[in-house]
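# Notes for the structure review
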Amino acid sequence: MSGMLVRTRVLALSAAFALLLTACGDGGGGVDLDDPGAEPDTGDPGVEGEGEAAGPEGGTLVAAIGGEPDQLNPLTTTSSFAFTVLENVYDTLVQPGEDLQMEPALAESWETSDDLLTWVFTLREGVTFHDGSELTADDVVASMEYIRDEGANGWRLEAVDAFEATDDYTVTMNLNRPAPNLLEQLGPFKGMAIVPSEAIEGGTLGDEVVGTGPFQLTSASADVIQLEAYGDYWGEGPYLDGIEFRIIPDEGVKLTNLETGEVDWIDSVPPEQVVDLEGRDDLVIGRTPGNDYWYMALNNEREPFDEVEVRRAIAFALDPAAIAEATNFDAATPNETAIPEGSFWYHEYAPFGHDPEQAQQLLDEAGVDGLSIDLMVTNEFPETVTGAQVIASQLGEVGIDVRIRTEDFTTWLADQGEGDFDAFMLGWLGNIDPDDFYYAQHHSEGVNNFQGFADPEVDQLLDDARVEVDDDARKELYDQAAERIVDQASYIYFYNPDIVEAWSPAVSGYETRADSATRFVDTRIEN
Amino acid sequence: MGRYLALRVGQAALALFGVSIVVFALMHLVPGDPVRAALGTRFTPELYEALVERSGLDQPLVVQYVDWIGRALVGDLGVSFRTGQPVTTMLAQRIPATALLAVGAMLIGLLVALPAGIVSAVRQGKAADYAANTFSQIGVSIPDFWYGILLILIFARVLGWLPPGGYRPLTEDPGAALRYLVLPAVTAGVVTGAILTRFVRSSMLEALNAEHVRLARAKGLPWRYVLRHHVLRNAWIPIVTVTGLQLGTLLGGIVIVEIVFSWPGIGRLALDAVETRDYPVLQGAVLLIAAVFLVINLLVDLLYARLDPRIRVGAST
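Fair warning: this is a prediction, and the values are worked out from it, not measured in the lab.

## A closer look at a negative patch on the surface
Together, A:Glu108, A:Glu125, A:Asp131, A:Glu134, A:Asp138, A:Asp167, A:Asp168, A:Glu198, A:Glu201, A:Asp207 and A:Glu208 give the surface a local cluster of negative charge. In this fold, A:Glu108 is placed in strand E4 (residues 107-112).

Rendered as structure tokens:
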């Protein structure tokens, strides 16, 4: 990172991906949609060793994941399972470090013009793809153009007008507006991976998996995906000979596989068992506050939810702590805003509490009586089904009748897209940058503003914050936006769940991260 | 026999055609948008349109059907919306696992049902009969995922004798393949066995009470001889039929067992496809299961004709 500026931003959480997705575990596996895979940090207490520590070398780590990746093209998949695997196979230009701050990866350094409209990235030299060919600026340009035109995350590049290979190791990006969070868009997860330009031209992306990461993919079938250490990896590590990913959809069975030693690592743990398992010495629980958040939205385009006082009444009637407890037991932190404590962008603000009297009073003032709400949830994310029962009971206390509608996720998405709901509960996963937490969801033009929220003040704040280049000034804008969004009850926020994984005590050098990126580059295993 | 065969094959083909229409129509009637499901929550309208066009979903349903069935006839079931892989490839990868599990479960089912059903019929009203009935009642009433999890807890976690799920191909290491097969096959087999036990018992009872059997006994023929030559031969026919049907049902109902035991079969593939409205994959999987079901039935019919010459004669006149 050099020179001219590069703001060493503290974007602590930055990369974002917004996704609704997840990997959460339900018994049947969970997941997919956009998912994250990437990296930030976590401040977690790591349960285990630090990567560099000395330890055994070699061996194969057997890792269990809850479902099958839909495809192995990192640029078009939206499956969290695909990213769990591909996190170890591909690299991005920059990547989130331990604190979710963006660090050099394939780009060794970068410079920006004072107006933040021109960004010049210098690539690391001598990096090779798994087929032996060398990484050059052409590969980066081809990857970026593919992502923009055909990738699942093209929206991340909407601030960029052109990508240019200035020489073999230099890529210049020209922007149409200042993008203080460009790094957070380029590196949050492997959906922004750099792939060989030949794979794009030849149309083999996804059929042939060729990355620059620490492991290369050697085979993939319906139940097992095998990775092998890549000897010419540009960074430190890997220390394992390989990783074998096995697909185990049932949560309980997955845990039993870990307990019996069939597998060494599992991607989730049933929430109700986390506390019990933490007391055991035959396995290690990796747990860290995550960047995901769960919320309820009311349809602002339907009466009486178009009235802010009605939305606020509902917010007052609900108890985020009770909802978090019911859905995640001990493994979540109640929060009346989106961004978790621990992030640079966290803003402490909790105006509602649990105040049914206030709720009742607001409803009376609004002249609302005998209200009935159609609450849409999905069994794809069991926490919404559980949460809905608590919501129904709490709203029942203030005379609101909640009818819970449980749908499969595909139907749910369609109904959400068509605005066919009074209310829904869902989560967003893996965001890092505040623009990703708020813009698409709460700007009146936001593509994910399914609740139809429109507030000129919020629009202005989000537009300004998006191009503000000073971190502190930017945070100030987001703090104001967050308060306004909460006060207007565009979303009623509930909690940030912990990311929980588990592994055998024989595994070292692995840590659970807030963005749930599963990086095994520093991992070792004792045989 | 030739005409009989041709007739049955023709009927099966017609049935398959009907199935294809029903599957296609039902799939497209279910609410939910496969393109939205594949893209997730953040995508541009251009990307959405492009995917709709590429997948042919913008065409009228009839055109989509004709296109699909036309290609299916030459063995091309299309390409998965989600994975981009040919459906035939995806199915082919999973057929061995499902076939192994279905055959394993059926063998276990028969191993249980034949002795239990026969003993219970022969000893009607005695303790053995009650025991068999109780087993059968429990077997059909308790859901298979529950047995599955119970078996995993006992045999994998507590005793550590068998792996808690997973699959190994028979071709690579038969010993390991069988070890991994035992628990899921028993889980699916218990239900099948419980159902079959009832059929075996009732068809045995019917045969036992037939007049010629009473006559044979009255003649003083040895009981074992009567059982083997007069009772079992006749009881056999309905048992074969039901076994065939049960194998088909097993194929369709094996989804839960595949999920509990991390078994990479057709059922799990189909379930994923339902959840994401991956029409080509689901249509392909259902068509395959239907075809297998029809082929099994055809074989059963032919076997019948062998077991009972009256059937063959009747059909060819």
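Having put the structure on the table, let's press on.
## Examining the confidence of the model for chain B
Detailed conclusions should not be drawn from predicted coordinates in areas where pLDDT is low. Residue and element names in this part refer to chain B. In the predicted model, chain B carries a mean pLDDT of 83, and 95% of its residues have values of at least 70. Here helix H14 (residues 309-316) stands out as the least confident element of chain B, with mean pLDDT 56; helix H5 (residues 87-122) is the most confident, with 89. Quick note on the complex model: pTM equals 0.82, ipTM equals 0.78.

## Notes on the sheet that holds strand E7 (residues 170-175) of chain A
Residues and elements named next belong to chain A. Strands sit in the order E4-E5-E7-E6 across an open sheet of 4 strands; the sheet is antiparallel. The sheet terminates laterally at E4 and strand E6 (160-167), the two strands that pair on one side only. The average undirected angle you get between the axes of adjacent strands in this sheet is 20 degrees. Two strands pair when backbone bridges link them, and strand E5 (residues 118-123) and E7 are joined in this way by 5 bridges, in the antiparallel orientation. From the neighbouring strand, Trp119 faces E7, where its bridge partner is Met173. Together, E5, E6 and E7 form the strand contacts of helix H2 (residues 137-150), whose direction differs from that of E6 by roughly 165 degrees.

## Concerning the side chain of B:Gln283
Residue and element names in this part refer to chain B. Turning to its location among the elements, Gln283 is positioned in helix H13 (residues 279-307). For Gln283, a relative accessible area of 3% gives the class buried. Other than its neighbours up to four places away in sequence, Gln283 contacts Val23, Phe24, Met27, His28 and Trp68.

## Some thoughts on the pattern of salt bridges
Residue and element names in this part refer to chain A. The full count for this structure, using the stated rule, is 35 salt bridges over all chains. Of the charged contacts, one joins Glu251 and Lys254 as a salt bridge, the two residues approaching to 3.7 Å between their closest N and O atoms. Of this pair, Glu251 and Lys254 both sit in helix H5 (residues 251-259), 3 residues apart, roughly one helical turn. With a relative accessible area of 7%, Glu251 lands in the buried category. Note that Arg484 is salt-bridged to Asp455, the shortest N-O span being 2.8 Å. Of this pair, Arg484 sits in helix H14 (residues 471-487) while Asp455 sits in the loop between helix H12 (434-442) and helix H13 (456-467); the two residues are 29 residues apart in sequence, bridging distant segments of the chain.

## Comments concerning the side chain of B:Thr192
Residues and elements named next belong to chain B. Position of Thr192 among the secondary structure elements: in helix H8 (residues 174-208). Residue classification places Thr192 among the buried positions, given a relative accessible area of 2%. Leave out the neighbours within four places in its chain, and Thr192 touches Met106, Gln246 and Leu250.

## Quick word on unusual backbone geometry
All names here are of chain A. The step from Gly237 to Pro238 runs through a cis peptide bond, and the omega angle for that step is 0 degrees. As for its placement among the helices and strands, Pro238 is situated in the loop between strand E9 (224-229) and strand E10 (242-247). For the peptide bond that leads from Glu303 to Pro304, omega is -5 degrees, which places it in the cis range. By the element assignment, Pro304 lies in the loop between strand E13 (293-298) and helix H7 (308-317).

Conventions used here
Residues numbered from 1 in each chain as written. Chains lettered and ligands numbered in written order. Predicted model: local features only at pLDDT ≥ 70, side-chain atom pairs only at ≥ 80, totals over all residues. Heavy atoms only, no water. Patch = residues over 30% accessible without salt bridge, like charges linked within 9 Å, V, L, I, M, F, W, Y side chains within 5 Å. Areas by Shrake-Rupley, 256 points an atom, 1.4 Å probe, with all protein chains shown as cover. Salt bridge = Lys/Arg side-chain N within 4 Å of Asp/Glu carboxyl O. Lys, Arg positive; Asp, Glu negative; His and termini not counted. Charge placed at Lys NZ, Arg CZ, Asp CG, Glu CD. Helix = DSSP H or I, 4+ residues; strand = E, 2+ residues; numbered from the N terminus. pLDDT = per-residue confidence, 0-100. Pairing = 2+ DSSP bridges. Axes fitted to C-alpha atoms, helices over the stretch in contact; angles between N-to-C directions. Contact = heavy atoms within 4.5 Å. Buried < 20%, exposed > 50% of the residue type's maximum accessible area, 1.4 Å probe, protein only.

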